Every structure is written in structure tokens, then in C-alpha cells.
Amino acid sequence: MKYIVSILLAVMLHGCASSPLNRHTSSDLIKSKSNNQKTILLADVVIVEGVIGDTDVINIEKNKRISKLALQMFAGRMNEKGYSVDRYLNTSVGILMNPNIPYRVYPGIDVRNIEITELEIGKAPFFLHNLFTQDTIRGKLLNVVYSSLMENKRAGDNSVKSIPAAPYLSKSLGGGLIGVIFIGGYTAGVTKEFGKYQPPTSQTDDKVGIRKISQYSMMFYLIDGNSGDIVWDDEVNLKGGEMYDSKLQDMVDEICTKLF
């Protein structure tokens with residue numbers, strides 16, 4: 001359905017859990033830290049902007065900005081806790097979203113009154129870092145690792161504790177622990193004129209379920225780069241409002257405060 005955000009967002013925004021998903025093993029995590037493994041942080045951020053009409057909007061530059069800010073926030077908090085975060089990378093925007101669902105793509109140019117119908121149609125992924133476009137093997141490894149983590153999310157108690165492709169991805173990026181940040185969300189109430197807020201006015205019943213409420217999810221995974229084991233995972237979900245920097249900081253703090 002055109003009115004429903006992609007399956008990725010449905011998975012990421014399912015439920016209201018804000019506690020660890022109980023797959024982590026603190027002893028393995030402490031061992032990883034004590035072995036002085038360096039850490040690389042990777043992020044995929046996709047926040048969809050709802051509009052009055054059939055096709056929602058992806059603002060690529062806004063998503064990339066949120067991703068960069070989240071990576072910097074995580075790096076700072078994790079270094080305070082003894083992790084050696086020496087690299088971080090905005091890998092993509094919507095790499096796991098359904099490529100068959102069209103969106104209007106707002107490239108971030110400074111246009112105040114652009115009509116939604118003037119925006120080009122795009123399909124996921126809306127951005128992929130050149131490290132993964134220029135090296136197709138590395139790109140496939142990233143996709144497999146990300147997809148495996150989302151499958152774990154869906155599997156719940158039946159999830160696995162190790163991602164076999166993770167050590168290969170880690171090695172291709174310089175080795176060490178891999179921290180993966182997924183941020184997904186939906187901002188309701190965006191009209192045909194960017195920068196102008198209008199309360200959502202659903203015109204059909206099938207829009208009501210998801211369009212009325214802005215909601216955001218942040219998921220964090222820490223993977224041992226040598227074994228591929230998931231040594232920590234956590235998530236936080238919020239409803240309402242827009243994604244401000246302070247809200248992003250609160251979500252990062254909630255996760256990092258509980259991190260060993």
C-alpha cells in the first residue's frame with residue numbers, strides 16, 4: 001500500500017520496548033573491551049516525511065545530517081565508557097527499505113515553496129556510501145549484516161547470537177568491534193510547502209493508522225569483529241513531534257547509559 005511506510009519501518013517501530021533485547025553477554029563485551037579492540041560505528045538513517053497525497057517524501061540531506069550527528073554522539077559517549085571508537089561512517093539512507101515502494105526525494109536544495117509533484121520519484125536505497133558502491137563485495141557484506149540484524153529483530157526469542165558475515169565486513173573496514181545504529185521514523189504533518197507545518201488531515205480511513213502519529217526508533221547493535229557475535233543490543237522508541245537534536249541526544253543517552 002502506498003499509504004504505509006515500508007516494511008523496514010514497520011519492523012523498527014514495532015512495539016515499545018526500551019530495554020536490552022537480552023541477546024548480549026556482558027562477559028564477552030567486557031573481554032572485547034579488555035582486548036582493546038578498536039570500534040567502528042556504522043549508521044543507516046531513514047526518516048520519512050508524511051504529506052497530503054499518495055507519495056511520502058525522503059529528505060536525503062536531512063537524513064544524512066541526523067546520521068552524522070548520531071554517530072558523533074555515540075562516539076563521544078562510548079569513548080567515555082572505554083571504547084576506542086576511531087572511525088564512524090554514514091553508510092546509507094534506507095538500504096533495507098522495500099525498493100518497490102516509490103517516494104518523492106527531496107535532495108536538500110534551498111527551495112522553500114517547491115511542490116511535492118515537482119520532486120523526482122526515487123526508490124531505496126536513497127544514498128549508499130561510495131565504499132560500498134565501488135566495492136560490490138563489501139556492499140553485499142554490509143547488506144547481509146544489516147539484513148541479518150533486522151531478521152534477528154523479527155525473530156525475537158528465536159534470534160541467533162552471531163552474524164557470520166560480520167568478521168569479513170569488519171576486516172574490510174579495518175577490523176575491530178562494529179557498532180551498528182539504525183534510526184527509522186515517520187514525521188506526520190508535512191504539507192506541500194516545506195518548512196510550513198499543518199496538522200495531518202487524513203482523507204481516507206486507510207491512512208489513519210500510521211499517518212496521524214510521528215514516531216521514531218533507534219536500534220543499536222555491538223558486534224565482535226573477530227567472532228561475529230552480537231555482544232550487545234538495545235533500542236528506544238518515541239512517539240510524537242519532530243526529530244530535534246535534543247530528542248536525538250536523549251535517545252542516544254538512554255542507550256549508552258545502559259551500555260557496559
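Please read all numbers here as calculations on a predicted model, not as lab measurements. (Residues numbered from 1 in each chain as written. Predicted model: local features only at pLDDT ≥ 70, side-chain atom pairs only at ≥ 80, totals over all residues. Heavy atoms only, no water.)

A. Geometry of the overall build of the chain. In terms of regular secondary structure, the chain is built from eight helices and nine strands. Taking the contacts inside the chain whose residues are at least 6 apart along the sequence as the reference set, 78% of them involve residues at least 24 apart. (Helix = DSSP H or I, 4+ residues; strand = E, 2+ residues; numbered from the N terminus. Contact = heavy atoms within 4.5 Å.)

B. Structural context of the side chain of Thr-187. One can find Thr-187 in strand 7 (residues 177-187). Only 2.8 Å separates the side chain of Thr-187 from the side chain of Tyr-216, close enough to count as a polar contact. If we ignore the near neighbours within four places in the chain, the residues touching Thr-187 are Ile-47, Val-48, Glu-49, Gly-50, Ser-214, Tyr-216 and Glu-242. (Polar contact = N/O pair within 3.5 Å; in protein donor to acceptor, adjacent residues only side chain to side chain.)

C. Region of interest: the packing of aromatic side chains. Enumeration over the complete set of coordinates arrives at five aromatic pairs. Arranged with centres 5.8 Å apart and planes meeting at 85°, the rings of Tyr-103 and Phe-126 form a pair that is edge-to-face. Of this pair, Tyr-103 sits in strand 4 (residues 103-106) while Phe-126 sits in the loop between strand 5 (120-122) and strand 6 (127-128), placing them 23 residues apart in sequence. The exposure classification of Tyr-103 matches that of Phe-126, with both residues buried. For the pair Phe-182 and Tyr-221, a centre-to-centre distance of 6.3 Å together with 70° between the ring planes defines the contact as edge-to-face. On the criterion of sequence distance, the pair formed by Phe-182 in strand 7 and Tyr-221 in strand 8 (residues 215-223) is long-range, its members being 39 residues apart. Looking at Phe-182, the relative accessible area reads 2%, which means it is buried. Its relative accessible area of 1% is what places Tyr-221 among the buried residues. (Phe/Tyr/Trp six-rings, centres within 6.5 Å; stacked < 30°, edge-to-face > 60°. Buried < 20%, exposed > 50% of the residue type's maximum accessible area, 1.4 Å probe, protein only.)

D. Representation of the nonpolar core within the structure. Residues Phe-74, Met-78, Met-218, Phe-220 and Leu-248 are the most contacted members of the largest nonpolar core, which totals 31 residues. Within the residue set of this core, elements represented by two or more residues are strand 1 (38-49), helix 3 (60-80), strand 7, strand 8, strand 9 (230-239) and helix 8 (245-258). For this core, the element with the most residues is helix 3, which contributes eight residues. With residues up to four places along the chain from it excluded, the contact list for Phe-220 reads Leu-41, Phe-74, Met-78, Gly-179, Val-180, Ile-181, Trp-232, Asp-233, Asp-234, Ile-255 and Leu-259. Core analysis: the next-biggest nonpolar cluster, separate from the first, contains 24 residues, Ala-166, Leu-169, Leu-173 and Ile-223 among them. (Core = buried A, V, L, I, M, F, W, Y, C linked by side-chain atoms within 4.5 Å.)

E. Expanded view of the confidence of the model for the chain. Here the chain averages 81 in pLDDT, while 73% of its residues score no lower than 70. When the criterion is pLDDT under 50, residues 1-8 qualifies, and its contacts beyond four places in sequence or with other chains add up to 21 contacts. Low pLDDT (under 50) marks residues 190-211, which in the prediction has 51 contacts with non-local residues, meaning those over four places away or in another chain. (pLDDT = per-residue confidence, 0-100.)

F. View of the side chain of Asp-224. Residue position: Asp-224 is located in the loop between strand 8 and strand 9. Polar side-chain contacts of Asp-224 include one of 2.8 Å to the backbone nitrogen of Asn-226.

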